[in-house]
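# Report on the structure
Listed here are the chains, written in short residue letters.
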Amino acid sequence: MTEARPGTAQAGPAVARRSAFGDRLRRDWPLLVMATPMLVLVTGFWWIPALGNVIAFQDYNPFTGGILGSPIIGFTNFAQLFGDPQFIRAVVNTLGITAFQLVFYFPVPIALALLLNSVVSGRLRALVQGIVYLPHFFSWVLVVAIFQQMFGGAGLIAQILRDHGHSGIDWMTNSDTFILLVTAETVWKDAGWGTIVFLAALSTIDPNLYEAAAVDGARRWRRMWHITLPGLRPVIVLLLILRLGDALNVGFEQFMLQRSAVGSKVSEVFDTFVYWSGLRTGDLGYGAAAGLFKGLVGLVLILAANRVAHALGERGVYSRS
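What you see is a predicted model, and the numbers here were worked out from it, not measured in a lab.

The rules we used
Residues numbered from 1 in each chain as written. Predicted model: local features only at pLDDT ≥ 70, side-chain atom pairs only at ≥ 80, totals over all residues. Heavy atoms only, no water. Core = buried A, V, L, I, M, F, W, Y, C linked by side-chain atoms within 4.5 Å. Buried < 20%, exposed > 50% of the residue type's maximum accessible area, 1.4 Å probe, protein only. Helix = DSSP H or I, 4+ residues; strand = E, 2+ residues; numbered from the N terminus. Contact = heavy atoms within 4.5 Å. pLDDT = per-residue confidence, 0-100. Phe/Tyr/Trp six-rings, centres within 6.5 Å; stacked < 30°, edge-to-face > 60°. Axes fitted to C-alpha atoms, helices over the stretch in contact; angles between N-to-C directions. Parallel < 35°, antiparallel > 145°, perpendicular 65-115°, else oblique. Left-handed = near helix turned anticlockwise from the far one by under 90°. Nonpolar A, V, L, I, M, F, W, Y, C, P; charged D, E, K, R; others polar. UniProt positions renumbered as here; feature names shortened; annotations may be inferred. Expected span 1.5 Å × (residues − 1). Arc of directions from axis to C-beta. Polar contact = N/O pair within 3.5 Å; in protein donor to acceptor, adjacent residues only side chain to side chain. Salt bridge = Lys/Arg side-chain N within 4 Å of Asp/Glu carboxyl O.

## Focus: the nonpolar core
- Among the nonpolar cores identified, the biggest contains 17 residues, and I110, F198, L199, L202, L232 and I236 are the most heavily contacted of them.
- Only α5 (107-117), α9 (178-203) and α11 (220-245) provide two or more residues apiece to this core.
- With residues near it in sequence (within four places) discarded, L202 still touches A113, L114, N117, T228 and L232.
- The next biggest cluster of nonpolar side chains, apart from the first, holds 13 residues, and it includes W140, V144, V250 and F255.

Written out as structure tokens, the structure is:
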């Protein structure tokens, strides 16, 4: 009887893993080739530039020392950041706008998708979809200009009020209603585009479920509650997690365009703060510290929301195998 050589038993699992990896590589190599250009772009424009976050811990000067020559100052930039009242105000404004839009904007694409899905005529559905999708392709400059012509002091609504003996209202410069204004602009611009994902999810629901429910006597609202919404729930949870991870990113151009009209007290959000405190002043290390803080907060929110999704029985953004 031949004795096994030492180490053969230990080598078995390693050989099996290499064989399994080789099988997967031979099976998936077309997908890997297709993904290669995107991986190159992500590496070149995201991962490698992310190494530049080291300047958040430096007294960075691009003209003298650069990244390699600037002195390390530890968490000094972060200590200065958390003691800056303008930074605190920007964070509070950003979180307030995000929370407001989660309540008054996030459900709008869902409701719009349900309404479009209930339209029987295919031509009418296509027409309505084209109309509600169109504003997504407008720049924020055009969107703000349209709202200015409608709701500004010399806008259409103000002129109609004056023609009927009332005083005109300028909503574009009213800081008290600014959060309503930016949410209305976001809804008008992006709600239609946001319905695409939900319409795709609705198309995967088995029509036989609706027919069976109708035979059992379930009316339209009960069918929506027990069939449509449960079918949309995984997509809703996924997009909600991604929105929470993007909580500190409510937009730059939209707020920058309206900052001078309402003042920085209500319009200063995280992205505009990074621009004014980092890029405009030349203190790039300070701006990088703010940006790194934003990324860490987004990561924590995604991980926390994903854990809650798992607790509720949903897959979330990712799940352990």
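## What to know about the confidence of the model for the protein chain
- Model confidence for the protein chain is summarised by a mean pLDDT of 87, while 94% of its residues fall at 70 or above.
- For the protein chain, helix α1 (residues 8-50) is the element with the lowest average pLDDT, namely 80, and helix α7 (residues 140-151) is the one with the highest, namely 94.

## Focus on the side chain of T195
- Examined against the element boundaries, T195 turns out to sit in helix α9.
- When its relative accessible area of 0% is taken as the criterion, T195 is described as buried.
- Setting aside its immediate chain neighbours within four residues, T195 contacts P109, L112, A113, L116 and Y133.

## Details of the packing of aromatic side chains
- This structure, assessed with the given rule, holds 20 aromatic pairs.
- Taking the centre distance of 5.7 Å and the plane angle of 70 degrees together, the rings of F87 and F270 count as edge-to-face. On the criterion of sequence distance, the pair formed by F87 in helix α4 (residues 85-104) and F270 in helix α14 (residues 270-279) is long-range, its members being 183 residues apart. Side by side, F87 and F270 carry an identical accessibility label, which is buried.
- The structure contains a cluster of three or more aromatic residues connected by ring pairs, namely F82, F87, F270, F273, Y286 and F293.

## As for the environment of F255
- Mapped onto the fold, F255 is located in helix α12 (residues 253-262).
- The class for F255 is buried, based on a relative accessible area of 0%.
- What F255 contacts, discounting residues up to four positions off in sequence, is I97, F178, V182, V250, S267, V269 and T272.

## Description of the packing of α14 against helix α15 (residues 284-311)
- Running from amino to carboxyl end, α14 crosses α15 at an angle of 160 degrees, the nearest separation of the two axes being 7 Å. Considered as vectors, α14 and α15 are oriented roughly antiparallel to each other. Here α14 runs over α15; the crossing is left-handed. In this structure, α14 uses F270, D271, F273, V274, S277, G278 and L279 to contact α15, whose residues at the interface are L284, Y286, G287, A290, G291, F293 and K294.
- Here the residues of the contact of α14 with α15 sort into eight nonpolar, four polar and two charged.

## Re the UniProt feature "transmembrane region" (unreviewed entry) in the protein chain
- Mapped onto the present numbering, the UniProt feature "transmembrane region" (unreviewed entry) falls on residues 29-48, 60-79, 91-117, 137-158, 227-245 and 284-305.
- Helix makes up 100% of residues 29-48 and strand 0%, whereas the separation of the span's terminal C-alpha atoms amounts to 25 Å.
- With 40% helix and 0% strand, residues 60-79 has its two end C-alpha atoms placed 16 Å apart.

## Quick word on the environment of L112
- Among the structural elements, L112 can be located in helix α5.
- Non-local contacts of L112, meaning those with residues more than four positions away in its chain, are made with V132, A191, G192 and T195.

## Brief notes about α4
- Spanning 20 residues, α4 covers 28 Å between terminal C-alpha atoms, matching the ideal 28 Å at 1.5 Å per step.
- When we look at burial in α4, the residues that qualify are F87, A90, V91, N93, T94, I97, T98 and Q101. Down the axis of α4, the sector holding all buried residues measures 165 degrees, keeping them to one side. Along α4, the residues that are exposed and aim more than 90 degrees away from the buried face are P85, V92, V103 and F104.
- In this structure D84 caps α4, since a side-chain oxygen of it lies 3.0 Å from the backbone nitrogen of Q86.

## Observations regarding the pattern of salt bridges
- Taken as a whole, this structure holds five salt bridges when the rule is applied.
- Between D190 and K189 there is a salt bridge whose closest N-O contact spans 3.8 Å. Just as D190 is buried, K189 falls in that class too.
- Between E268 and R259 there is a salt bridge, with its nearest N and O atoms 2.8 Å apart. Taken individually, E268 and R259 each receive the classification buried, so the pair is uniform in this respect.

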